[in-house]
Structure formats: structure tokens, C-alpha cells
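Here is how the chains run, residue by residue.
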Amino acid sequence: MRAAVIRSAALTGTLLVLVYTLLISSADAITKLLAGGYAAPQLYFVSGLLVVGMALTADRVKSGPRQGLRTSCPRAMAVRSVATVVSVTCYFYAFRLLPFAEVFVFIGLVPLLAGLLSGPILGEHVRAPAWFALGAGFVGVLCLFPEGLHGIGTGHAIAFAASASGTLSMVVSRYIGRHEANTLAQVFYPNLSLALVMGLALPFVWKTMPLTDFGWAVAYATVLFAGRWILVIALSKLAAYAVTPLMNLQFVWMVILGAVFFGEVPGGHIYLGVAIVIASGTYLVYERIAADRRVARPAVILAE
């Protein structure tokens with residue numbers, strides 16, 4: 001019985017992550033679209049407030065008992081909020097400085113970083129076979145630099161900082177999910193923090209937004225709200241280092257969106273690297289499910 005529940009949770013988590021990749025890639029495309037004309041504080045102040053409003057509305061209209069937006073993990077929530085602010089700001093400038101698909105190089109590092117952080121933060125120590133898959137995924141990322149790493153510049157450093165802080169936010173999200181079921185709180189507080197921090201800089205960078213650009217900002221906030229809420233739920237069902245490799249599907253969406261809207265066509269070496277990264281991610285999910293089955297089997301035998 002327990003094994004069936006574990007399999008169901010893993011499948012649900014996997015499907016949710018796949019939906020998340022489409023939503024978050026769409027949000028990234030809007031970010032790149034607006035990044036050339038506005039500073040980060042303006043976009044994230046507007047979108048942060050909109051997401052906060054959506055979280056408050058969702059809490060009022062959802063079925064079941066009202067949980068409010070209280071959190072039983074204030075310190076962990078503070079860490080997640082700070083990490084989220086750093087991550088989205090760095091991604092904003094990474095998309096301004098780098099081609100759309102190239103940012104995926106650093107998104108591809110997220111599973112490795114999640115494996116490193118999951119042990120000390122979550123006690124989810126990565127098994128040896130999973131480390132092999134993580135290592136293969138890193139080799140796949142290196143394929144994206146066929147001329148070597150000497151060409152790394154400021155944009156790449158900013159993109160790495162974005163991935164590192166974003167990974168910390170996701171791992172802490174799973175930690176919070178172990179102690180409370182209020183997923184909306186994990187959307188509300190990081191975005192409230194984002195709006196407050198960006199609001200401090202807003203008077204110095206504000207530019208009047210045409211109605212079209214404001215509409216894009218609203219669209220960004222909508223898909224971001226949906227994506228982040230879905231990710232929080234997914235992280236409560238799958239280990240962080242199993243969730244993050246699935247996010248590599250973002251590359252497919254990023255290639256499509258980059259080609260259609262920005263005229264960016266990746267070279268063949270990028271496809272090779274991504275194929276390796278996605279294969280390693282698929283294996284990680286399989287290994288996670290197999291490990292959970294091994295843990296659950298004794299309990300099933302005893303129950304019989």
C-alpha cells in the first residue's frame with residue numbers, strides 16, 4: 001500500500017514539474033522581452049505585488065479549511081525569500097547579457113547543486129548511482145562550451161549566482177514542505193519580499209510603461225504565480241535532486257521560444273549537451289523511485 005502511494009506521489013510530482021517547465025520558460029521569455037527596456041526593480045515590483053495579490057485571492061477562494069498565510073517555519077521562509085530575491089534578480093540580468101538558450105547551461109547545473117545541498121539541509125543523501133548520473137549531467141553541461149570555459153564572462157557569473165541561489169530556494173522549499181502543508185505561504189512571502197526590496201530602488205529607475213508592456217508584466221506575474229505554486233507542490237512529492245533534472249525540459253521550451261521570438265538558434269553541440277543532461281535526469285527519477293521502493297518494501301511485508 002505504501003509503495004503504491006509513493007509511486008503515485010512520484011508520478012504526480014513528475015507531471016507537475018513538466019507543467020512548471022512550460023510556465024517558467026514562458027515567464028523567462030517575458031523577462032527577456034522586457035529586460036532590454038526596464039530595470040529589474042520595476043518588473044519585479046509590479047509582478048511581485050501582483051503575485052502577492054493572487055496568493056491572497058487564492059487563499060480566500062480555495063476549498064477546504066482556511067489556512068491563512070501563516071508559516072510555522074519563519075527562519076527557513078526568510079532564507080527562501082532572500083534566496084528567491086537574489087535568484088530572480090540575477091536571472092533578469094543574465095537574460096539581458098546572454099542568449100536565451102545559453103542561460104540553460106546554468107539551469108543545467110541545478111541538479112548537481114541540489115544534490116550537494118540536499119544532504120546537509122534535508123538529510124537526503126544522494127546514493128552513488130545518482131552521483132554518477134549527476135556527474136554525467138555536468139559533462140553534458142560542459143558540452144555546451146565546446147571552446148572551453150575561458151570564454152566565461154560577467155553574464156555567466158551572474159547566471160551561476162542565479163542558479164545557486166535558485167537551487168537553495170528550492171531545497172529550502174522542500175524542507176518547509178516537510179513541516180507544513182500551506183503551499184501558498186511559500187509563494188506569498190518570497191514575492192512579498194521581492195516587491196518590498198524592489199520597491200526601495202523603484203523611485204530611481206521607474207519608467208512609464210505603455211499598456212502593452214504592462215500587459216506583459218501582468219502575464220509574467222500570472223504564469224510565475226502558477227509555476228511557483230506548482231513547483232512547491234511538486235517539491236513536497238519528489239526529492240529536490242530528482243525534481244531539478246526534470247526542469248531540463250525547459251531547454252526544449254527555451255529553444256522554441258528563443259527561435260520564435262528572438263531569432264536565436266542553438267548549435268549542434270548544445271543539443272548534444274542537453275541530450276546528456278536530460279538522460280541523466282531521467283535516470284535520477286528512476287533511481288529515486290527504486291530507492292523509495294526498497295525503503296517501503298519491509299513495511300509492506302510486515303503489514304502482510
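All of these numbers come straight from a predicted model, not from anything done at the bench.

Scanning the protein from N- to C-terminus turns up 12 helices and zero strands. Every one of the 304 residues in the protein was classed for burial, and the buried ones make up 51%. For the protein, the accessible area works out to roughly 13,600 Å², and carbon and sulfur atoms hold 70% of it.

Right, let's get into the packing of helix α7 (residues 154-179) against helix α9 (residues 211-235). Direction vectors running N to C along α7 and α9 enclose 60°, while the axes themselves pass 8 Å from each other. Taken together, the axes of α7 and α9 lie oblique to each other. Like other packed secondary-structure pairs, α7 and α9 cross with a definite hand, here right-handed. Of α9, the residues touching α7 (which contributes M170, S173 and R174) are L231, V232 and L235. When grouped by side-chain class, the residues that make up the contact of α7 with α9 number four nonpolar, one polar and one charged.

Membership of the largest hydrophobic core comes to 27 residues, with the highest contact counts inside it found for A27, L43, Y44, F92, L194 and Y220. Of all the elements in the fold, those that place two or more residues in this core are α1 (2-35), α2 (40-61), α3 (74-97), α8 (183-205) and α9. Those residues in contact with Y44 that sit more than four places away from it in its chain are T31, V88, T89, F92, L194, A195, M198 and Y220. By size, the runner-up hydrophobic cluster in this structure holds 15 residues, among which are L98, V103, F106 and A159.

The rules behind these values
Residues numbered from 1 in each chain as written. Predicted model: local features only at pLDDT ≥ 70, side-chain atom pairs only at ≥ 80, totals over all residues. Heavy atoms only, no water. Helix = DSSP H or I, 4+ residues; strand = E, 2+ residues; numbered from the N terminus. Buried < 20%, exposed > 50% of the residue type's maximum accessible area, 1.4 Å probe, protein only. Areas by Shrake-Rupley, 256 points an atom, 1.4 Å probe, with all protein chains shown as cover. Axes fitted to C-alpha atoms, helices over the stretch in contact; angles between N-to-C directions. Parallel < 35°, antiparallel > 145°, perpendicular 65-115°, else oblique. Left-handed = near helix turned anticlockwise from the far one by under 90°. Contact = heavy atoms within 4.5 Å. Nonpolar A, V, L, I, M, F, W, Y, C, P; charged D, E, K, R; others polar. Core = buried A, V, L, I, M, F, W, Y, C linked by side-chain atoms within 4.5 Å.

By themselves these figures say nothing about function.
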